[in-house]
Number of protein chains: 2
Amino acid sequence: FSKYSLDIINTSHLPAETKDGFRVTIKANIEMIDEIPSVITYGAEGVGLLRTEFLYLSKKGLPKEEDLYSVYREMVERLNPYPVTIRTLDIGGDKFVSSVPLCEEMNPALGLRAIRLCLREPELFKTQLRAILRASAHGEVKILFPLISGKMEIIEAREILEEAKQELKQKNHPFDENIQVGIMIEVPTAVMMADVLAKEVDFFSIGTNDLIQYSLAIDRVNERVAHLYEPLHPAILRMLQKTVDAAHAHGIEVAVCGEMAGEPMYVPVLLGMGVDEFSMNAIVVPRIKKMIRGISQEKCKELFNELLEESTAIAIRRRLLKFLSDYY
Amino acid sequence: FSKYSLDIINTSHLPAETKDGFRVTIKANIEMIDEIPSVITYGAEGVGLLRTEFLYLSKKGLPKEEDLYSVYREMVERLNPYPVTIRTLDIGGDKFVSSVPLCEEMNPALGLRAIRLCLREPELFKTQLRAILRASAHGEVKILFPLISGKMEIIEAREILEEAKQELKQKNHPFDENIQVGIMIEVPTAVMMADVLAKEVDFFSIGTNDLIQYSLAIDRVNERVAHLYEPLHPAILRMLQKTVDAAHAHGIEVAVCGEMAGEPMYVPVLLGMGVDEFSMNAIVVPRIKKMIRGISQEKCKELFNELLEESTAIAIRRRLLKFLSDYY
Ligand SMILES: [Mg+2]
Ligand SMILES: [Mg+2]
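Being a predicted model, the structure only gives us computed values, none of them experimental.

1. A few points about the nonpolar core
Next up, step 1: Formed by 224 residues in total, the largest nonpolar core has its most connected members in Phe145, Phe204 and Phe278 of chain A together with Phe145, Phe204 and Phe278 of chain B.
Next up, step 2: Not counting the four nearest positions on each side in its chain, Phe204 of chain A is found in contact with Ile183, Ile185, Ala194, Leu197, Ala198, Thr243, Ala247, Ile252, Glu253, Val254 and Ala255 of chain A.

2. With respect to the packing of aromatic side chains
How two aromatic rings sit relative to each other is given by the distance of their centres and the angle of their planes.
Next up, step 1: Summed over all chains, the structure comprises four aromatic pairs over all chains.
Next up, step 2: Aromatic side chains Phe323 of chain B and Tyr327 of chain B sit 4.8 Å apart centroid to centroid with 40° between the ring planes, which places their arrangement in the tilted category. A residue pair is termed a helical-turn pair when its members lie 3 or 4 positions apart in one helix, as Phe323 of chain B and Tyr327 of chain B do in helix α14 (residues 313-327) at four residues.
Next up, step 3: Relative accessible area serves as the criterion here: at 7%, Phe323 of chain B is assigned to the buried category.
Next up, step 4: Residue Tyr327 of chain B is classed as partly exposed on the basis of its relative accessible area, which comes to 37%.
Next up, step 5: Geometry around Tyr229 of chain A places Arg220 of chain A over its ring, the cationic atom sitting 5.1 Å from the centre.

3. Brief notes about the coordination of the magnesium ion (ligand 2)
All names here are of chain B.
Next up, step 1: The magnesium ion (ligand 2) binds to the protein through Glu186 (OE) and Asp210 (OD); the donor distances cover 2.1 Å. Of this pair, Glu186 sits in the loop between β5 (180-185) and α7 (188-192) while Asp210 is found in helix α9 (residues 208-216), placing the two residues 24 residues apart along the sequence. Each member of the pair Glu186 and Asp210 is classed as buried.

4. Quick notes on the coordination of the magnesium ion (ligand 1)
Next up, step 1: Protein-derived coordination of the magnesium ion (ligand 1) comes from Glu186 of chain A (OE) and Asp210 of chain A (OD), at a distance range of 2.1 Å.
Next up, step 2: Judged by relative accessible area, Asp210 of chain A falls into the buried class, the value being 14%.

5. A look at the sheet that holds strand β5 (residues 180-185) of chain A
All names here are of chain A.
Next up, step 1: Sheet architecture is closed into a barrel: eight strands sit in the order β1-β2-β3-β4-β5-β6-β7-β8, paired in parallel fashion. Mean inter-strand twist for the sheet, computed between neighbouring axes without regard to direction, equals 25°.
Next up, step 2: One ladder, built from four bridges, connects strand β4 (residues 141-145) with β5; its direction is parallel. Within β5, the residue paired with Lys142 across the bridge is Gln180.
Next up, step 3: The strands that helix α5 (residues 122-135) touches are β3 (84-87) and β4; relative to β4, the one it contacts most, it runs at about 155°.

6. What to know about the interface of chain B and chain A
Next up, step 1: Taken together, the 48 residues of chain B in the interface contact 48 residues of chain A.
Next up, step 2: Of the roughly 4200 Å² buried between chain B and chain A on both sides combined, carbon and sulfur atoms contribute 63%.
Next up, step 3: When the buried area of chain B at its contact with chain A is split by residue, Leu110, Met192 and Arg224 of chain B rank highest and sum to 18% of it.
Next up, step 4: The interface formed by chain B and chain A includes two salt bridges.
Next up, step 5: There are 22 residue pairs in polar contact (both at pLDDT 80 or more) connecting chain B and chain A.
Next up, step 6: Mapped by element, the contributors of at least two residues to the side of chain B that touches chain A are α4 (114-120), α6 (151-170), α7, α8 (194-197), α9 and α10 (234-249) of chain B.

7. Focus on a negative patch on the surface
Next up, step 1: A cluster of acidic residues, Glu17, Asp20, Glu298 and Glu302 of chain A, forms a negative patch at the surface.
Next up, step 2: For Glu298 of chain A, a relative accessible area of 44% puts it in the partly exposed group.

8. A word on the side chain of Lys27 of chain A
Residue and element names in this part refer to chain A.
Next up, step 1: Mapping Lys27 onto the fold places it in strand β1 (residues 25-30).
Next up, step 2: Given the relative accessible area of 3%, Lys27 is considered buried.
Next up, step 3: Separated by 3.0 Å, the side chains of Lys27 and Glu277 make a polar contact.
Next up, step 4: In this view, Lys27 contacts Ala44, Glu45, Gly46, Val47, Gly48, Pro83, Lys142, Glu277, Phe278, Ser279, Met280 and Val285; residues no more than four positions away in its chain are not counted.

9. Section: the packing of α10 of chain B against helix α13 (residues 297-309) of chain B
Residues and elements named next belong to chain B.
Next up, step 1: Two elements in contact, α10 and α13, have axes whose closest approach is 9 Å; the angle formed by their N-to-C orientations is 130°. Judged by the inter-axis angle, α10 sits oblique to α13. Like other packed secondary-structure pairs, α10 and α13 cross with a definite hand, here left-handed. Between α10 and α13, the contacting residues are Leu237, Arg238 and Gln241 on the first element and Phe304, Leu307 and Leu308 on the second.
Next up, step 2: Here the residues of the contact of α10 with α13 sort into four nonpolar, one polar and one charged.

10. So, the relation of the copies chain B and chain A
Next up, step 1: If you rotate chain B by 180° and push it 0.0 Å along the axis, it lands on chain A with an RMSD of 0.0 Å. Expressed as a symmetry operation, the mapping of one chain copy onto the other fits a two-fold axis. For chain B, the residue whose C-alpha comes nearest the rotation axis is Asn107 of chain B, separated from it by 2.2 Å.
Next up, step 2: Of the interface residues in chain B, 100% have counterparts in chain A that sit at the interface too, so the contact is made through matching surfaces.

11. Thoughts on the pattern of salt bridges
Next up, step 1: Summed over the entire model, instances satisfying the criterion amount to 46 salt bridges over all chains.
Next up, step 2: A salt bridge links Asp90 of chain A to Arg87 of chain A, with the shortest nitrogen-to-oxygen separation between them at 3.3 Å.
Next up, step 3: Residue class for Asp90 of chain A comes out buried when judged on its relative accessible area of 2%.
Next up, step 4: Residue classification places Arg87 of chain A among the buried positions, given a relative accessible area of 6%.
Next up, step 5: Put simply, Asp90 of chain B and Arg113 of chain B hold a salt bridge, and the shortest N to O gap is 3.5 Å. Here the residue Asp90 of chain B occupies a position in the loop between β3 (84-87) and α4, and Arg113 of chain B occupies one in the loop between β3 and α4, the gap between them amounting to 23 residues. The pair formed by Asp90 of chain B and Arg113 of chain B is uniform in burial state, with each residue classed as buried.
Next up, step 6: When salt bridges that share partners are traced, they join Glu65, Glu66, Glu123, Lys126, Arg130, Arg134, Glu163 and Glu167 of chain A into one network.

12. Details of the environment of Thr208 of chain A
Residue and element names in this part refer to chain A.
Next up, step 1: Its location among the elements puts Thr208 in helix α9 (residues 208-216).
Next up, step 2: A residue is classified by how much of its surface remains accessible, and Thr208, at 1% relative accessible area, is buried.
Next up, step 3: C-alpha of Thr208 to C-alpha of Met184: the two residues are 24 residues apart in sequence and 9.5 Å apart in space.
Next up, step 4: Excluding residues that lie within four positions of it along the chain, Thr208 makes contacts with Tyr229, Leu240, Val256, Gly258, Glu259 and Met260.

13. Overview of the pairing of β3 of chain B
Residue and element names in this part refer to chain B.
Next up, step 1: Burial along β3 is two-sided: the face carrying Val84 and Ile86 and the face carrying Thr85 and Arg87 are both buried.
Next up, step 2: The sheet contact formed by strand β2 (residues 47-50) and β3 spans two bridges and is parallel. Within β3, the position partnered with Val47 by the bridge is Val84.

14. Focus on the side chain of Thr312 of chain B
Next up, step 1: Looking at the element boundaries, Thr312 of chain B is found in the loop between α13 and α14.
Next up, step 2: We classify Thr312 of chain B as buried; its relative accessible area is 12%.
Next up, step 3: Not counting residues up to four positions away in its chain, the partners in contact with Thr312 of chain B are Lys151 and Met152 of chain A together with Pro234 of chain B.

15. A short note on the sheet that holds strand β7 (residues 253-256) of chain B
Within a beta sheet, neighbouring strands are joined by backbone hydrogen bonds and run either parallel or antiparallel to one another.
Residue and element names in this part refer to chain B.
Next up, step 1: The strand order around the closed barrel built from eight strands is β1-β2-β3-β4-β5-β6-β7-β8, with neighbouring strands paired in parallel fashion. Taken over all neighbouring pairs, the strand axes of this sheet differ in orientation by 25° on average, direction set aside.
Next up, step 2: In this fold helix α5 (residues 122-135) packs onto β3 and β4 (141-145), with an angle of close to 155° to the strand it touches most, β4.
Next up, step 3: Contacting β1 (25-30) and β8 (277-280), helix α12 (residues 285-293) runs over the sheet at an angle of about 160° to β1.

Quick notes on the rules
- Residues numbered from 1 in each chain as written.
- Chains lettered and ligands numbered in written order.
- Predicted model: local features only at pLDDT ≥ 70, side-chain atom pairs only at ≥ 80, totals over all residues.
- Heavy atoms only, no water.
- Core = buried A, V, L, I, M, F, W, Y, C linked by side-chain atoms within 4.5 Å.
- Buried < 20%, exposed > 50% of the residue type's maximum accessible area, 1.4 Å probe, protein only.
- Contact = heavy atoms within 4.5 Å.
- Phe/Tyr/Trp six-rings, centres within 6.5 Å; stacked < 30°, edge-to-face > 60°.
- Helix = DSSP H or I, 4+ residues; strand = E, 2+ residues; numbered from the N terminus.
- Lys NZ or Arg CZ within 6 Å of the ring centre and 35° of its normal.
- Donors = N, O, S within 2.8 Å, 3.2 Å for Na, K, Ca; no water.
- Pairing = 2+ DSSP bridges.
- Axes fitted to C-alpha atoms, helices over the stretch in contact; angles between N-to-C directions.
- Buried area = accessible area lost by both parts, 1.4 Å probe.
- Salt bridge = Lys/Arg side-chain N within 4 Å of Asp/Glu carboxyl O.
- Polar contact = N/O pair within 3.5 Å; in protein donor to acceptor, adjacent residues only side chain to side chain.
- Patch = residues over 30% accessible without salt bridge, like charges linked within 9 Å, V, L, I, M, F, W, Y side chains within 5 Å.
- Areas by Shrake-Rupley, 256 points an atom, 1.4 Å probe, with all protein chains shown as cover.
- Lys, Arg positive; Asp, Glu negative; His and termini not counted.
- Charge placed at Lys NZ, Arg CZ, Asp CG, Glu CD.
- Parallel < 35°, antiparallel > 145°, perpendicular 65-115°, else oblique.
- Left-handed = near helix turned anticlockwise from the far one by under 90°.
- Nonpolar A, V, L, I, M, F, W, Y, C, P; charged D, E, K, R; others polar.
- Least-squares fit on C-alpha atoms with pLDDT ≥ 70 in both.

Spelled out as structure tokens, the structure:
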């Protein structure tokens with residue numbers, strides 16, 4: 001074991017707090033039950049993004065409410081008292097499901113995906129929502145809607161959620177009446193409307209992967225343009241800041257659950273803009289915690305303001321690298 | 001001939017000026033030489049968007065500089081003294097070319113397209129730029145770069161343009177040394193950086209089709225989501241306004257060359273935000289001129305400010321329809 005590895009292990013269960021006392025929450029992105037031990041081991045404080053596509057990828061047809069409930073319940077119970085944010089079905093696009101009627105699309109990333117598909121198939125959606133709600137009787141659960149582009153989708157999704165609640169009440173199934181509802185910020189229009197959307201939900205979770213992809217009109221899995229995918233594009237920094245500022249102005253918290261949150265070099269950037277929660281693959285939690293504990297937020301704020309003055313990603317990257325070599 | 005048709009014909013050669021004297025420029029979007037008579041007939045004041053993909057779609061290989069030059073020259077001469085804005089090659093995505101090496105992409109709209117392709121193939125790009133420059137010796141020509149996402153692409157494209165100019169000088173080919181250079185605003189990051197980009201170019205041309213598509217993450221040719229494509233989404237109005245305001249703050253003009261510019265119902269919206277130029281299919285020029293001449297810009301500004309207060313496309317559409325029925 002190197003000294004670095006030991007350090008990492010020793011830090012992993014300490015709070016994710018900067019030198020000047022800014023406390024952030026570190027959570028894990030997971031998909032399967034067998035990832036739960038790693039969430040605890042690596043020191044995450046719950047699950048910030050539970051991907052739920054897996055149970056829909058079976059060829060045996062759509063999962064039943066009971067099947068979903070038993071999996072969600074087990075996860076919630078095993079993670080209790082830590083909270084679990086369950087993202088509703090995010091299929092379509094690059095993820096294909098045999099049971100859900102998806103035909104071929106020319107640009108699947110711009111197609112019938114995620115919340116759009118769920119609003120089009122309300123019974124499919126409501127089945128999942130009932131299962132999530134029932135799991136909320138066994139620990140802290142939050143609901144996260146993906147690919148929201150504006151206020152109407154939130155209203156429609158909340159209506160279906162309300163129906164699901166009423167159905168459960170009629171059957172005397174317990175659930176958390178005050179379950180928190182958040183949205184992914186990953187469509188450019190959601191950033192533009194962040195001030196309006198912040199009034200409609202309990203939290204934001206920024207999906208940097210899709211947000212960067214749509215904002216730059218770049219498919220990052222396309223190797224011919226992947227080099228143009230750029231988290232440090234000045235427009236992306238402005239969009240992230242706009243989102244965080246709008247959330248805070250309305251008293252709600254912002255998580256980042258895209259890959260940016262799990263990449264050590266971006267830690268000072270996200271701290272500088274005031275992100276409240278980082279959610280990432282469990283295995284990188286210790287490294288990110290160590291990064292956070294090694295710096296003051298004040299310094300990161302100064303850095304972030306400097307980065308916002310730059311007009312190209314190249315210049316931003318140069319400044320950030322200088323900062324990293326100065327302080328780490 | 002109905003009275004309406006006669007009215008249209010009578011208005012088509014009058015200036016596109018609102019009742020309170022706000023003068024906008026109306027131009028045509030064209031692709032082929034045989035469309036030139038219609039530009040004049042319908043009363044357009046030049047070409048705001050000359051699509052140049054056509055000559056690259058031949059199976060006989062890439063067009064030569066002389067081939068391009070002779071077509072551009074004929075167009076420019078026949079439209080003289082009206083200006084012609086020539087958009088550089090915008091292929092890739094949904095447009096396929098046999099001569100240019102394009103492989104299959106999963107999401108072509110987010111792939112190697114337009115300026116990205118041209119910056120990757122500088123000789124292909126420079127050949128077209130030399131032909132455009134040479135045409136500028138025969139009338140007023142402006143260059144328009146598509147799919148710009150940030151400042152670096154403008155710098156790179158301008159470098160190649162500079163090389164093209166030097167090469168023409170060495171061969172003693174005349175061209176307009178002060179040729180204007182503009183960019184399409186159609187990628188969300190370009191909107192976010194509009195204040196920075198406005199310092200780098202002579203004009204903006206908003207491509208509403210792609211801008212709306214990327215901003216909402218909607219492929220509008222995909223019939224499964226086409227209903228979600230929404231020019232009146234509040235985020236889109238904010239983005240258009242942000243672009244116009246940034247341009248005007250830096251003393252440059254803004255054209256709209258997407259389909260929004262040729263749709264009568266959006267005329268008051270675009271007038272209200274202060275768009276300087278509308279470019280559209282020639283055939284709709286008379287109708288749009290009649291719409292413009294029938295209203296005062298002051299009223300449109302009031303309308304636009306009211307629309308910005310709304311938080312959903314439905315409410316915006318309702319207000320706009322009320323306005324249209326009140327004033328037309
Ligand atoms: Mg996503
Ligand atoms: Mg376009």
